[in-house]
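# Residue-level structure breakdown
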Amino acid sequence: MAIDLNQTTSRSILTRTSGFLRSVTTHSLQPYRGCTYGNALCGVGCYVQHNRLLTHGQRWGSFLDVRENAADLYRSQVERERRWAETRGGAFSVFMSSSTDPYVPQERRYRLSRRILQAMLESPPDELVLQTHSHLILDDLSTLQALSQVCRLRVHISIESDQQDLPGLPPAACSVDRRFAAAHTLRQSGIFVVVTVSPLLPIVDADAFFARIASQADATVIDHFIGGDGSPDGRRTAATSLPQAMEQVIAGSTRLSYRDEVVDIARKHLPGRVGVSIDGFAGSYLPA
Ligand code: SF4
């Protein structure tokens, strides 16, 4: 599918968080507008597609704006935004990214995320949460190792299921094995790694799945589309083709009670290292 790709400049790159993200970090940072994984499995239920201010009515996955000046903007904004965060009495913390993936395939060509991470090395946030669905994050391993020495770095690798495919839906952009391998490599390199199971999809062998997470990551976060997609009762996601496919794999997996069942299994394998929904994204884990 052709992607409407544009090289653009922005006026701002560090966005003060509002809404649910406010309890997670003080700022969010999006190297790109849009996400080319929107055509893959994660794009079917992607919460961002419902944000019409962001999509401008374009189909999710069909466009990508490359914010060419992102790293320079970070340099010019960082001290002002750090001061603003400090006036709120908190640390200056950045979520990268909440409405795109820093490692879309086009990152290999434009290296926006790499350049931003290099700018962060010069003037680091107190905390950085870097979230991706892709093993391409390993391209920046040495930079991430250096960043982990100068700020609290948490890498979120999204792995929503042990299933590669759901019936009738496009395949995942990056295989489950490759994402686990990326988590493992990052952790072996001394980086704190969280596997985000978000939105939770049907997990056929939950015991094996969370045992694998326990061996290859530091923690996990489990988030169901009910309560996670920003609408009452998950009705935004209910309007997509995701729930029907989920029910075909595990009946009842579209109910919130499924999340609670899965959380109980996860806690057996990762005591004290399981976060649920927004609290988990904020780095808070249930007691052992
Ligand atoms: S990678 Fe993230 S932002 Fe991109 S389509 Fe998937 S869920 Fe949405």
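Notes on the structure in this doc start here.

Reading guide: rules and limits
Residues numbered from 1 in each chain as written. Predicted model: local features only at pLDDT ≥ 70, side-chain atom pairs only at ≥ 80, totals over all residues. Heavy atoms only, no water. Phe/Tyr/Trp six-rings, centres within 6.5 Å; stacked < 30°, edge-to-face > 60°. Buried < 20%, exposed > 50% of the residue type's maximum accessible area, 1.4 Å probe, protein only. Pairing = 2+ DSSP bridges. Helix = DSSP H or I, 4+ residues; strand = E, 2+ residues; numbered from the N terminus. Contact = heavy atoms within 4.5 Å. Near = heavy atom within 4 Å. Nonpolar A, V, L, I, M, F, W, Y, C, P; charged D, E, K, R; others polar. Right-handed = clockwise from strand over helix to strand, strands pointing away.

Under the criterion given, the structure shown has three aromatic pairs. A ring pair is formed by Trp60 and Phe63, whose centres lie 6.0 Å apart and whose planes are at 75°; its orientation type is edge-to-face. For the pair Trp60 and Phe63, one class covers both residues: buried. Three or more aromatic residues link up through ring pairs in this structure, and these residues are Phe180, Phe209 and Phe210.

Neighbouring strands of a sheet are bound in pairs by backbone hydrogen bonds; such pairs are parallel or else antiparallel. Sheet architecture is open: three strands sit in the order β1-β5-β4, paired in mixed fashion. Looking at the sheet topology across the chains shown, the edges are occupied by β1 (4-8) and β4 (32-33).

With respect to the element layout, Ser113 can be found in helix α5 (residues 112-122). The contacts of Ser113, once residues within four sequence positions are left out, are Pro31, Tyr32, Met96, Pro102, Tyr103 and Glu107.

With that settled, the discussion passes to unusual backbone geometry. Cis rather than trans, the peptide bond between Met96 and Ser97 has omega equal to 15°. Note on placement: Ser97 falls in the loop between β6 (93-96) and α4 (107-110). Looking along the chain, the bond that leaves Ser198 and enters Pro199 is cis, with omega of -10°. The topology assignment puts Pro199 in the loop between β9 (192-197) and α8 (206-216). One non-glycine residue, Arg111, adopts positive backbone phi at about 50°. Among the secondary structure elements, Arg111 is positioned in the loop between α4 and α5. The phi angle at Asp233 is positive, at roughly 60°, despite the residue not being glycine. Following the sequence through the fold, Asp233 ends up in the loop between β10 (219-222) and α9 (235-238). By relative accessible area, Asp233 is classed as exposed at 59%.

Moving on: the site of the ligand. In the vicinity of the ligand, the residues found are Cys35, Tyr37, Gly38, Cys42, Gly43, Cys46, Trp60, Thr100, Asp101 and His133. Classifying every residue of the shell around the ligand gives five nonpolar, four polar and one charged.

Side chains on a regular strand alternate between the two faces of the sheet. Burial runs high along strand β7 (residues 127-132): six of the six residues are buried. By the alternation rule, side chains of β7 split into Glu127, Val129 and Gln131 and Leu128, Leu130 and Thr132, which are all buried. Of the strand pairs in this sheet, β6 and β7 are connected by four bridges, and their pairing is parallel. In the sheet register, Val94 faces β7, and the bridge partner there is Leu128. Sheet topology note: the β7/strand β8 (residues 152-158) ladder contains six bridges and is parallel. Note that in β8 the partner of Glu127 across the bridge is Arg152. Crossover β7 to β8 through helix α6 (residues 141-150) is right-handed.

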